[in-house]
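# Working through the structure, step by step
Listed below, chain by chain, are the residues.
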Amino acid sequence: MFLVLGEKPSVALALAEVLGAKKREDGYLEGEGCVVSWCLGHLAEYAAPEVYDERYKKWEFADLPILPKTWELRIAKDKKEQFDVLKELLNRKDFEYVVNACDAGREGELIFKRVYDLSKSSLPVKRLWISSMEEQAICNGFSNLKDGKAYERLCESAVCRAKADWLVGMNATRAFTTTYYKRMVVGRVQTPTLAMLVERQKKVENFEKEAYYQVELPVLDFFVTSEKIKKEEEADALVTMCEGNLIHILKVERKQKKTNPPKLYDLTTLQREANRFFGYTAQETLTELQKLYEEKWVTYPRTDSQYITEDMEQSVLELLDILSDMLPFCSGELVGRNVGAIINNQKVSDHHALLPIKEAWKQDIGTLSKKQKDIFYLIGQRLAQAVSEAAVFEETEVSAECAEHLFGAKGKKVIEPGFQKILKAFQENVRKTEETGEKEEKVSIPENISDGMEIVGRTPEKRKRFTAPPKPYSEDTLLSAMETAGNHSFDVETEKKGLGTPATRAGIIEKLVSSGYAVRKGKQLLPTKEGIALISVLPEELKSAALTAEWENELLRMEKGEVTSETFMEDITEFVQKLITDCGEIPKEERYRFYEKESIGKCPVCGSPVYEGKKNFYCSSHDCNFALWKESRYLVGMKKTLDQKMAKELLEHGKTRVTDFYSQRTGKKFTADLLLELQGDRASFKMEFPKRK
């Protein structure tokens, strides 16, 4: 008898189906010889600072840094019921061992470890490590269970990553918030990501476009163009000189080139292309991809590899036989068989590249949402491209002279489209938005043009153009920048990880948006005023992509046994301590740079100014806890939130009249006075109905 713990209910159900665990119980499924249950993602997180010490309830710079000696975990309230089920299961005496069947990666290790440790279980641990939810993959995985100890280093790196995020986030957020009297949320990864957005925005805003000119000379059915000319009068002079002059063709050079098919998708590349093709955010892509994985359409999502291994060759060939049946826009003759191009054992670590799975062929594509269908087709067409032939094209470069000035033209002609036929079919049938990527040169150079020709020039044309500013980040380009962040700081041999991991980058972007530090404008990601203000005061080490990328590399080395967890955590602790020391040395006048909010009234407890925050109206004194929350239990039942007008009247008169309270009993709106009451420095409300005249 053994126990299996999946990461989510949907995964557990799929595992239970294969294992024959069909008897439903409260929080698990039971069969002959096994029980299958689930973790609901992260059931536990590291405790808040006030759990370690009551004094941390108040944010005081003098109490920093906060460095827990013994780390404590807390179960999420909405997940406690399931944890109680798992705790009981993990301590049953009839199980020989427990199988960690959480997602096969760093986060899956952490999710399982926290539940296992909190349950105080002593069951031996085995590891299920699979990349597909296909029945055969699950069967093979259970036939080849690994000893849980084989993944201890991976688990150790997951624990250290979580602790580092807590230490930097909690300490830096409190330090800069109390120093600048303004809430400032700092994160180990999200802050350098925000810094990249701010830096790009500055380049866009500070860009000064410059005009330049080019002279074009008509030659047969195309133009030859001069180099860029800064002064308009020089361009005018060149037009005059070329008027009626012969054009000498100095050289015509034709080269045949190949463009190899693209590699398969890893998670980041898929998220980038889903953003370019469909405008989906990185988080939307990851969410729908996870569903596709759990419903047996695609392989494991959180992969950083773009290759498969040698032992997968035959199964991928079988997949290619039915691929055209899965992709209505891709006929069988378009799909190549060059599987060797996507095999590279050395570049597959935990998981191979994203692939559709054979079981998808048996399922009804009509059951998928539009997003899921788009993403599934995207993955399928990428496989079809990757095993197809290279695209062959001819590049032609023409050099010409007129009036002792050089002119040139470039042309490109497709000879064999190869894999690009699949991309074109996909674009025409699935993606119907604007073209993406760089526009290819449309110039067509005639075959009959050759070296030494002299052509009578027709009327030259002067073109005025402008230098282009850098483009704001989209999720596509930001994900790419995150992936390569800090690379210039490392040796060539270093295995670079960039900012975050493929599994966490989408979440980082979402945190920046939800915290109000970044905003989406179409496909663009732009920093807000709050985000720019935050980056303006933070030290370079918190904004440095290189530093965070270095930490990611250290975590990777930990997984390989090259760095101990003690060494890593000592470095993080030292970093946090220095951060607090440096923050404490910020001059007093600098600390008040944001302290310009207009008061909405005086605190009824201590008389200090009250300011409006994102979620409340708060007393400016750090020694006073008075606040009026915009959303409260008292008001939510009457479908009312506290606005600035109401808050001002409450502070000035102790009451405010509300004409649109909602009665759940009658379903109608009513008028009443909202009265402010104090219990120490805590605010509460009561209601009073106006007297009828």
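Treat the numbers as computed from the prediction; the structure is a model and nothing was measured. (Residues numbered from 1 in each chain as written. Predicted model: local features only at pLDDT ≥ 70, side-chain atom pairs only at ≥ 80, totals over all residues. Heavy atoms only, no water.)

With mixed pairing, the 7 strands of this open sheet are ordered in space as E2-E3-E4-E1-E7-E8-E9. Strands with a single pairing partner mark the edges of an open sheet, and in this sheet they are strand E2 (23-25) and strand E9 (146-147). With 2 bridges connecting them, strand E8 (residues 125-127) and E9 associate as antiparallel partners. Opposite lysine 126, over in E9, you have aspartate 147 as the bridge partner. Strands in contact with helix H1 (residues 9-19) are strand E1 (2-6), E2, strand E3 (28-31), strand E4 (34-38) and strand E7 (97-101); relative to E4, the strand with the most contacts, it is inclined by about 165 degrees. (Pairing = 2+ DSSP bridges. Helix = DSSP H or I, 4+ residues; strand = E, 2+ residues; numbered from the N terminus. Contact = heavy atoms within 4.5 Å. Axes fitted to C-alpha atoms, helices over the stretch in contact; angles between N-to-C directions.)

Our focus in this paragraph is the sheet that holds strand E19 (residues 601-602). Within the open sheet, the 4 strands sit side by side as E19-E20-E21-E22. Their pairing is antiparallel. In this open sheet, the two edge strands, each paired with only one partner strand, are E19 and strand E22 (627-629). With 3 bridges connecting them, strand E21 (residues 616-619) and E22 associate as antiparallel partners. Pairing of asparagine 616 across the sheet is with tryptophan 629, part of E22. Strands in contact with helix H22 (residues 644-653) are E19, strand E20 (609-612), E21 and E22; relative to E22, the strand with the most contacts, it is inclined by about 145 degrees.

The amide bond that connects leucine 64 to the next residue, proline 65, takes the cis arrangement and shows omega of 0 degrees. With a phi angle near 60 degrees, lysine 120 is a residue other than glycine that sits in the positive phi range. Within the element layout of this structure, lysine 120 appears in the loop between helix H4 (106-119) and E8. Residue lysine 120 is classed as exposed on the basis of its relative accessible area of 70%. (Buried < 20%, exposed > 50% of the residue type's maximum accessible area, 1.4 Å probe, protein only.)

Our next topic: the side chain of lysine 630. By the element assignment, lysine 630 lies in the loop between E22 and helix H21 (633-636). Residue classification places lysine 630 among the buried positions, given a relative accessible area of 17%. Only 2.8 Å separates the side chain of lysine 630 from the side chain of glutamate 612, close enough to count as a polar contact. Among the polar contacts listed, one links the side chain of lysine 630 to the backbone oxygen of glycine 613, at a separation of 2.9 Å. Not counting chain neighbours up to four residues away, the residues in contact with lysine 630 comprise Glu612, Gly613, Lys614, Lys615, Asn616, Phe617, Thr641 and Leu642. (Polar contact = N/O pair within 3.5 Å; in protein donor to acceptor, adjacent residues only side chain to side chain.)

Looking now at the pattern of salt bridges. The tally for this structure, following the rule as stated, stands at 54 salt bridges. A salt bridge links lysine 23 to glutamate 25, with the nearest nitrogen and oxygen atoms 3.5 Å apart. A relative accessible area of 31% means that glutamate 25 is categorised as partly exposed. (Salt bridge = Lys/Arg side-chain N within 4 Å of Asp/Glu carboxyl O.)

So, on to a negative patch on the surface. On the surface, Asp147, Glu152, Glu156, Glu550, Glu566, Glu570, Asp571 and Glu574 cluster together into a patch of negative charge. Among the elements of the structure, helix H6 (152-180) and helix H19 (565-584) are those that each provide at least two residues to the negative patch. Per element, the largest residue contribution to the negative patch is 4 residues, and it comes from H19. When you line up the elements, glutamate 570 lands in helix H19. (Patch = residues over 30% accessible without salt bridge, like charges linked within 9 Å, V, L, I, M, F, W, Y side chains within 5 Å. Areas by Shrake-Rupley, 256 points an atom, 1.4 Å probe, with all protein chains shown as cover. Lys, Arg positive; Asp, Glu negative; His and termini not counted. Charge placed at Lys NZ, Arg CZ, Asp CG, Glu CD.)

With 15 residues, helix H18 (residues 545-559) should cover 21 Å at 1.5 Å per step; its first-to-last C-alpha distance of 21 Å lies within 8% of that length. Within H18, 12 of the 15 residues are buried, leaving the element largely enclosed by the surrounding structure. Buried-residue contacts for H18 involve H4, H6, helix H7 (190-206), helix H17 (540-543) and H19. One side-chain oxygen at the N-terminal end of H18 lies 3.2 Å from the backbone nitrogen of alanine 546; it belongs to serine 544. Downstream of H18 by one or two residues, glycine 561 has phi in the positive range, about 85 degrees. (Expected span 1.5 Å × (residues − 1).)

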